[in-house]
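What the coordinates show
Listed here are the chains, written in short residue letters.
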Amino acid sequence: MQIECIVLREVALPLRAPFTTSYGTLTERRTIVVEVHDDGGFVGYGEAAPISPPLYTEESVGTAWHILESYLCPLALQGEWESPEALSDALGAVRRNYAAKAGLEAAVWDAYARRAGRPLAAVLGGCRAHVEVGIALGIPPDARTLLSQVERALEAGYRRIKIKVQPGWDVEPVRLLRRHFGAFPLAVDANAAYRLEDADHLRRLDEFSLEMIEQPLDWEDFVDHAALQRRLATPICLDESITSLASARQALALGSCSMINIKAGRVGGLTPARRIHDLCRAHGIPVWCGGLLESGVGRAHSLALSALPNFTLPADLAPPDRYLVHDVIAPPLTFSAPGMIALPEGAGIGVTPSAAALAQYTVRRTELRRPDRLKAARFAPEKKETDASV
């Protein structure tokens, strides 16, 4: 498989409402749609979706664009690839920059599956046609708004509700939800807002039978997470800490968590995501797929990943129209049943960006071609028009 052309588009998608975490507030989702053309005429789509500013990880949309344009795409265009895994391993020569790698690698996986005439989920080894979906709610302006948001989510049938927490907004919001709604699958996500010294405070959450507390401590600190897990009855789930297969091995060896949130965009693509899935499965550690407020392109890839057998917990993969005013794909991804999304049918990811939507929301575009194609185009002899009357 050779890659003939790669098109990068930065798109600016308005959010329906501000999304607030301990890192800050987003009012617009800027992301990069990657389009790959292979030598068989097949086209694949991926999405590089870092959260700007670089607080969730070290990447931003600007840095991802630079790495894609200057390093990753030229590398991909120069080689011949037996499989997307081979490309993924080659991209490892560039350190970190996982969201940028994931966007390119995803587009290649899509083209590869379309070329095979099979759904991407099946090519990856998926075993289900529907994915259970939970919802992640940002930190609201007040308790009344939180109650309203959770009520609507329960009515919509979401299989788990996760609320963002931070110091000063943790135990009491959870207590409020339990008092109003009773027992339902509830989790909290701290986005690394606490320290080990907060262990006694976090232990107060144990009384509420939470599904998990996600990423309570600093993303680099596996030792303190292990110490905290020993002091909590609530399972710890790691998110930001898991950036590679090696980091997952470290977390499991130390007992730093009881489950892992796998996001392809955080670990460098579907290939490393699948390897982390396989490692966790071998150790009896359940995994689930988190979201990054992606467009339908990135969300379709996450759904395909979530079809793998060890993704046994609800995914934070709400339909994009819940948080985006407009998506770039048509028709949109929607519930097939309350709290369930059916994997799109058809080859590859099963969805294609709308040309009209891309034209409307693209704020930057560039196109890169295979070097020998550029040379051929540059030095091809000019065609002379002939006069049929001569």
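Everything here concerns the structure above.
Residues numbered from 1 in each chain as written. Predicted model: local features only at pLDDT ≥ 70, side-chain atom pairs only at ≥ 80, totals over all residues. Heavy atoms only, no water.

1. Side note on the pattern of salt bridges
Heads up, the condition is: We define a salt bridge as a side-chain nitrogen of Lys or Arg found within 4 Å of a carboxyl oxygen belonging to Asp or Glu. To qualify as a helix, a DSSP run of H or I must reach at least 4 residues; to qualify as a strand, a run of E must reach at least 2; elements of each kind are numbered from the N terminus. Exposure is judged per residue with a 1.4 Å probe applied to protein chains only, and the accessible area is read against the type maximum: over 50% gives exposed, under 20% gives buried, and values in between give partly exposed.
In total, this model carries 25 salt bridges according to the counting rule given. Arg364 is the partner of Glu10 in a salt bridge, and the nearest nitrogen-oxygen pair spans 2.8 Å. Of this pair, Glu10 sits in strand β1 (residues 3-21) while Arg364 sits in strand β13 (residues 362-369), placing them 354 residues apart in sequence. Owing to a relative accessible area of 7%, Glu10 belongs among the buried residues under this scheme. For the salt bridge of Asp200 with Arg203, the shortest nitrogen-to-oxygen distance reads 3.1 Å. According to the relative accessible area criterion, Arg203 is partly exposed, its value standing at 40%. Three or more residues joined by partner-sharing salt bridges are found here, namely Arg160, Lys162, Lys164, Asp189, Glu214 and Asp316.

2. A word on the side chain of Glu105
Here is the rule we go by: This count recognises Lys and Arg as positive and Asp and Glu as negative, with His and chain-terminal groups excluded. In what follows, a contact means two residues having at least one pair of non-hydrogen atoms within 4.5 Å.
Among the structural elements, Glu105 can be located in helix α3 (residues 98-116). One buried charged side chain, Glu105, makes no salt bridge at all; its nearest oppositely charged neighbour is Arg275, positioned 7.6 Å away. Other than its neighbours up to four places away in sequence, Glu105 contacts Pro84, Ser88, Gly269, Leu270, Thr271 and Pro272.

3. A look at unusual backbone geometry
With an omega of 0°, the peptide bond running from Ser52 to Pro53 counts as cis. Of note, Pro53 is situated in the loop between β3 (43-48) and α1 (61-78). Cis geometry is found at the peptide bond from Ala330 to Pro331, where omega equals -5°. The phi angle at Arg96 is positive, at roughly 50°, despite the residue not being glycine. Within the secondary structure, Arg96 is located in the loop between α2 (84-91) and α3. A positive phi is found at Ala192, a non-glycine position, where the angle reads about 65°. Relative to the helices and strands, Ala192 resides in the loop between β7 (186-189) and α7 (199-202).

4. Some points on the sheet that holds strand β5 (residues 135-137)
Pairing between the strands of a sheet comes from backbone hydrogen bonds, and it takes one of two forms, parallel or antiparallel. Spelled out, the test is: A pair of strands is labelled paired if DSSP reports no fewer than 2 bridges between them. Working convention: axes come from line fits to C-alpha atoms, limited for helices to the stretch in contact. Angles between N-to-C directions cover 0 to 180 degrees.
Read from one edge of the open sheet, seven strands run β5-β6-β7-β8-β9-β10-β11, paired in parallel fashion. Both outer strands of the open sheet, β5 and β11 (287-289), are each paired with one neighbouring strand and no more. Inspection of the sheet shows strand β8 (residues 213-214) paired to strand β9 (residues 236-238) by two bridges, in the parallel sense. Among the inter-strand pairings, Ile213 is bridged to a residue of β9, identified as Ile236. In this fold helix α6 (residues 171-181) packs onto β6 (161-164) and β7, with an angle of close to 165° to the strand it touches most, β7.

5. Quick look at the packing of helix α9 (residues 245-254) against helix α11 (residues 270-282)
Helices that pack against each other are described as a pair by the angle of their axes relative to one another and the distance between those axes. Note the cut-off: Oblique is the label for every angle not falling under 35 degrees (roughly parallel), over 145 degrees (roughly antiparallel), or within 65 to 115 degrees (roughly perpendicular). What makes a crossing left-handed is the near helix being turned counterclockwise from the far one by less than a right angle; a clockwise turn instead makes it right-handed. Only Asp, Glu, Lys and Arg are considered charged in this grouping, and only Ala, Val, Leu, Ile, Met, Phe, Trp, Tyr, Cys and Pro are considered nonpolar; every other residue, Gly among them, is considered polar.
At a minimum axis separation of 9 Å, α9 and α11 run at an interaxial angle of 20°. Comparing the axis directions of α9 and α11 gives the class roughly parallel. Along this stretch, α9 crosses α11, giving a crossing that reads as right-handed. The segment α9 lies against α11, with Leu245, Ala248, Arg249 and Leu252 engaging Arg275, Ile276, Leu279 and Cys280. Among the residues making up the contact of α9 with α11, the classes are represented as six nonpolar, no polar and two charged.

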